[in-house]
Amino acid sequence: MASFLQIADDDEGHELDLFCVPRHYENDLERVIIPHGLIMDRTERLARDIIRDMGGHHIAALCVLKGGYTFFADLLDHIQVLNQNCDESLPLTVDFIRVKSYCNDRSTNSVKVIGGEELSKLSGKNVLIVEDVVETGRTMETLLSLLSECKPKMVKVVSLLVKRTPRSSGYRPDYIGFEVPDAFLVGYALDYNEHFRDLSHICILNDQAKEKYKV
Ligand code: PRP
């Protein structure tokens, strides 16, 4: 089973005033739950674990947009640095897919692929799917099922976050950065109706902001 850094349900996180957050979000956030520096440190270790397991294989890294783009960029940067300094190294190509299922703070129960590469390009390849968060698991299960029709050689999934939620299907990725409480989290490309992707730390959204940015 994948190891992860656990953020406990009673973890209060950190006061906003201790960190720099954009002025335009100051009144929308409750606490900083994972500071940017900790995300980077954990991502560095995930990169090392992935190279250890997949080193020597050519990997097609598939970024699940939009939420995955920051983690994807930082993870690949770390892999690149390790590639430059290790005996084992990992040739990489990059692909992107756009999947959407959330509106406001709820899963819509329908996972839609609304853009990106033809998955058939990944036929016969070793694919590393890079995702920001697994909640119900529905997005990843749908994507894995679509991908399997294209017959990749191997598929591994890395998700920065996995949420502890009773809504989970039980799906677990191969690599996990953090296991987090069942709160609505934003920042580091995680959004609420497209807002908060431009925030470096992962934070808990307050109820006032949920109303303010509701569609
Ligand atoms: C979010 C997130 C994952 C998915 C996880 O995407 O980026 O892809 O939800 O949820 P699940 O495990 O319950 O399926 P969203 O639909 O919000 O689109 P986005 O990436 O463009 O923000």
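Now for a description of the structure that goes with this document. (Residues numbered from 1 in each chain as written. Predicted model: local features only at pLDDT ≥ 70, side-chain atom pairs only at ≥ 80, totals over all residues. Heavy atoms only, no water.)

## Focus: the overall build of the protein
Secondary structure assignment for the protein yields four helices and ten strands. When its helices and strands are written in sequence order, the protein yields β-β-α-β-α-β-β-β-α-β-β-β-β-α. The dimensions of the protein, computed from C-alpha atoms along their principal axes, are 50 × 40 × 30 Å. A total of 215 residues make up the protein; the buried ones form 49% of that total. Summarising the internal contacts of the protein: among those between residues at least 6 apart in sequence, 68% fall at separations of at least 24. If you sum the accessible surface of the protein, you get close to 10500 Å²; carbon and sulfur atoms cover 48% of it. Both charge centroids of the protein, one from 25 positive and one from 34 negative side chains, sit 5 Å from each other. (Helix = DSSP H or I, 4+ residues; strand = E, 2+ residues; numbered from the N terminus. Buried < 20%, exposed > 50% of the residue type's maximum accessible area, 1.4 Å probe, protein only. Contact = heavy atoms within 4.5 Å. Areas by Shrake-Rupley, 256 points an atom, 1.4 Å probe, with all protein chains shown as cover. Lys, Arg positive; Asp, Glu negative; His and termini not counted. Charge placed at Lys NZ, Arg CZ, Asp CG, Glu CD.)

## Description of the layout of surface pockets
Size it by volume and the largest pocket reaches roughly 200 Å³. Together, 13 residues line the largest pocket, and Asp-105, Asp-182, Ala-183, Phe-184 and Lys-210 are the ones closest to its centre. Among the elements of the structure, strand S10 (202-205) and helix H4 (207-212) are those that each provide at least two residues to the lining of the largest pocket. A breakdown of the residues in the lining of the largest pocket according to their chemical character gives four nonpolar, no polar and nine charged. (1 Å grid on protein atoms, 1.4 Å probe; cavity = no way out; pocket = protein on both sides within 12 Å on 5 of 7 lines; lining within 4 Å. Points joined across faces, edges and corners; volume = space filled by probe spheres on them. Nonpolar A, V, L, I, M, F, W, Y, C, P; charged D, E, K, R; others polar.)

## Here's the deal with the sheet that holds S10
The antiparallel open sheet is built from three strands, whose spatial order is S2-S10-S9. Across the chains shown, the open sheet's two edge strands, defined by having one partner strand only, are strand S2 (29-34) and strand S9 (185-186). Looking at chain direction, S9 and S10 are connected through two bridges and run antiparallel. Each residue of the ladder has a partner; that of Val-186, found in S10, is Cys-203. (Pairing = 2+ DSSP bridges.)

## Here we look at helix H1 (residues 36-54)
Given a rise of 1.5 Å per residue, 19 residues ought to cover 27 Å, and the 26 Å separating the end C-alpha atoms of H1 matches this to within 8%. Where H1 terminates, the next one or two residues include Gly-56, which has phi positive at roughly 100°. (Expected span 1.5 Å × (residues − 1).)

## Re the packing of aromatic side chains
Here a ring pair, both rings aromatic, is described through the centre-centre distance and the interplanar angle of the planes. By the definition in use, this model includes four aromatic pairs. Consider the rings of Tyr-25 and Phe-196, whose centres lie 4.3 Å apart with planes at 35°: the pair is tilted. Taken together, the positions of Tyr-25 in the loop between strand S1 (5-6) and S2 and Phe-196 in the loop between S9 and S10 put the pair 171 residues apart, joining distant regions of the chain. Look at Tyr-25 and you get buried, because its relative accessible area is 6%. Since its relative accessible area comes to 0%, Phe-196 is described here as buried. (Phe/Tyr/Trp six-rings, centres within 6.5 Å; stacked < 30°, edge-to-face > 60°.)

## Some details on the side chain of Asn-193
Along the chain, Asn-193 turns up in the loop between S9 and S10. When its relative accessible area of 15% is taken as the criterion, Asn-193 is described as buried. Within polar-contact distance, the side chain of Asn-193 engages the backbone oxygen of Tyr-213 at 3.0 Å. (Polar contact = N/O pair within 3.5 Å; in protein donor to acceptor, adjacent residues only side chain to side chain.)

## Focus on helix H2 (residues 69-85)
The terminal C-alpha atoms of H2 lie 25 Å apart, and with 17 residues this matches the ideal 24 Å at 1.5 Å per residue to within 8%. Every buried residue belonging to H2 is among Thr-70, Phe-71, Phe-72, Asp-74, Leu-75, Leu-76, His-78, Ile-79 and Leu-82, and all of these are buried.

## Considering the packing of H1 against H2
Taken N-terminus to C-terminus, the directions of H1 and H2 make an angle of 55°; their axes are 9 Å apart at the nearest point. With respect to H2, the element H1 is oriented oblique. The handedness of the crossing between H1 and H2 is right-handed. Here H1 contributes His-36, Met-40, Thr-43, Glu-44, Leu-46, Ala-47, Arg-48, Ile-50 and Ile-51 to the contact with H2, which in turn contributes Phe-71, Asp-74, Leu-75, His-78, Ile-79, Leu-82 and Asn-83. Along the lines of polarity and charge, the residues of the contact of H1 with H2 split into nine nonpolar, four polar and three charged. (Axes fitted to C-alpha atoms, helices over the stretch in contact; angles between N-to-C directions. Parallel < 35°, antiparallel > 145°, perpendicular 65-115°, else oblique. Left-handed = near helix turned anticlockwise from the far one by under 90°.)

Coordinates in, geometry out; function isn't part of it.
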